[in-house]
Amino acid sequence: MTLVDFKRLSDAPPPIRELLAVEDDGLATAWRSNGPAVGRFSGPVADRAGLEAAVDAARAAEPPEAALRADAVAERIETGGRQARVPARLPVDGPWGPLADACRRLLDEMVTAPTAAIGGVLGPGARLRLEHRGDAPLPLELASLEVTFKRWRDGAQAGEARVRGAGEALDRVEAGPGWSLEVGADEAADGSTDGLDLAGGGILVAEAVFVVEDAGVLVPVRLSVSTTL
């Protein structure tokens with residue numbers, strides 16, 4: 001039986017498809033399409049008692065009513081046959097608030113428990129390594145892979161390099177344990193590295209956009225990692 005089911009969805013750019021389900025035995029499974037790792041995740045809930053208390057409180061109260069814009073990122077929380085639909089990441093009033101917070105927190109924590117996922121490591125010289133994490137394979141569509149490197153300093157963007165086509169030769173990959181792909185800012189074909197000076201400190205952010213297949217569904221994903229220069 002499912003203790004709580006949580007979904008964060010949006011068709012507006014960037015697309016978002018993030019799913020979390022927690023069973024009565026405390027096992028959580030998740031899918032993440034945005035963040036430092038993307039793909040499938042699974043593991044036990046650390047604060048099971050706290051989550052169960054939040055579920056009990058929500059089931060005893062009416063779901064909140066929230067007005068959502070047509071293009072808003074929505075979160076759906078379902079438990080005990082009741083469902084709430086609320087704006088993503090915003091405070092939720094009443095007894096459903098702690099449950100929304102617990103689901104959001106757990107979804108973020110799941111990146112440490114990959115089953116079949118792709119994570120990113122940002123190395124010296126503005127090089128991003130995409131690497132498989134977990135034990136199960138994950139199909140990737142890399143023909144449209146685009147990697148953007150941005151340097152930020154004093155709260156403002158101070159440089160950018162964009163690499164397109166790094167995955168064209170690979171097209172579709174069944175990524176499994178040991179798989180990795182490295183993309184460097186120096187591979188930008190349009191000369192955009194001219195504006196990416198890594199000297200002088202700041203924060204370097206690398207973002208990779210590609211497509212992952214999940215049970216026959218093609219999911220656009222956005223992986224983002226950062227490092228201090």
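Remember, it's a predicted structure, so these values are computed and weren't measured experimentally. Counting restarts for each chain: residues are numbered from 1 in the order of the written sequence. For a predicted model such as this one, the threshold for reporting local features is a pLDDT of at least 70, and the threshold for listing and counting side-chain atom pairs is 80 or more; totals across whole chains, interfaces and linings nevertheless cover every residue. Hydrogens and waters are ignored; side-chain quantities use all the structure's heavy atoms.

Colleague: Even after reading the chapter, I still don't get the pattern of salt bridges, so can you show me in this structure?
Modeller: Side-chain pairs of opposite charge can arise where the charged atoms are in close proximity. For this analysis, a salt bridge means a side-chain nitrogen from Lys or Arg found within 4 Å of a carboxyl oxygen belonging to Asp or Glu. Evaluation of the coordinates by the stated rule reveals 24 salt bridges. Its salt-bridge partner being E141, residue R172 comes within 2.6 Å of it at the nearest N-O pair. Taken together, the positions of R172 in strand β12 (residues 172-175) and E141 in strand β10 (residues 138-153) put the pair 31 residues apart, joining distant regions of the chain. Only runs of H or I of at least four residues qualify as helices and only runs of E of at least two qualify as strands under DSSP, and these elements are numbered from the N terminus.

Colleague: For this particular structure, what's the right way to read the packing of aromatic side chains?
Modeller: By convention here, two paired aromatic rings are described through the distance between centres and the angle between planes. Pairs were defined over the aromatic rings of Phe, Tyr and Trp, the Trp ring being its six-membered one, requiring ring centres within 6.5 Å. Orientation was assigned from the angle between planes: stacked under 30 degrees, edge-to-face over 60, tilted for the rest. Applying the stated rule across the entire model yields 0 aromatic pairs. Charge-over-ring contacts are defined here by two conditions on Lys NZ or Arg CZ: a distance within 6 Å of the ring centre and an angle within 35 degrees of the ring normal. Seen from the ring of W31, R17 lies directly overhead, with NZ or CZ sitting 5.7 Å from the centre.

Colleague: Even after reading the chapter, I still don't get helix α2 (residues 96-109), so can you show me in this structure?
Modeller: Counting along an α-helix, one turn takes 3.6 residues, and residues three or four places apart therefore face a common direction. Under the 1.5 Å per step criterion, the end-to-end length of α2 is 20 Å for 14 residues, consistent within 8% with the ideal 20 Å. Remark: exposure states derive from per-residue accessible area (1.4 Å probe, protein chains only) relative to the maximum for the residue type, with buried under 20%, exposed over 50%, and partly exposed in between. Along α2, the residues that are buried comprise W96, G97, L99, A100, A102, C103, R104, L106 and L107. Take the number of residues in a helix, subtract one, and multiply by 1.5 Å to get its expected span.

Colleague: I tried to follow the nonpolar core on my own but got confused; where do I start?
Modeller: Across soluble globular proteins, you tend to see nonpolar side chains buried next to one another. Working definition of a nonpolar core: buried Ala, Val, Leu, Ile, Met, Phe, Trp, Tyr and Cys residues. They are joined through side-chain atoms within 4.5 Å. Residues I118, L128, L130, L140, F149, W179 and F210 are the most contacted members of the largest nonpolar core, which totals 33 residues. If you list the elements that add at least two residues to this core, you get β8 (114-123), β9 (127-134), β10, β11 (156-164), β12, β13 (180-184), β14 (203-214) and β15 (217-228). It is β10 that provides the largest number of residues to this core, a total of 6 residues. The contact definition used throughout considers only heavy atoms, calling two residues in contact when any of these lie within 4.5 Å. Discounting residues that sit within four places of it in the chain, L140 has contacts with I118, D171, R172, V173, A175, W179, F210, V211 and V212. A28, F41, W96 and A100 belong to the second largest nonpolar core, which has 29 residues in total.

Colleague: What is the right way to look at the sheet that holds β13 in this model?
Modeller: Note on sheets: strands pair through backbone hydrogen bonds, and any given pair is parallel or antiparallel. Strands were regarded as paired on the criterion that DSSP finds at least two bridges between them. Spatially, 9 strands are ordered β7-β6-β1-β2-β3-β5-β8-β9-β13 in an open sheet, and the strand pairing comes out antiparallel. Among the strands making up the open sheet, the edge pair consists of β7 (82-87) and β13. For this sheet, the mean angle separating the axes of adjacent strands, direction not counted, is 15°. Axis geometry follows a simple rule: fit a line to the C-alpha atoms, using only the stretch in contact for helices, then measure angles between N-to-C directions, giving values from 0 to 180 degrees. In the packing of helix α1 (residues 48-59) onto the sheet, contacts are made with β1 (2-10), β2 (16-23), β6 (74-79) and β7, and the angle to β1 comes to roughly 80°. Helix-sheet contacts for α2 involve β1, β2, β3 (27-32), β6 and β7, and the interaxial angle to β1 is about 75°.

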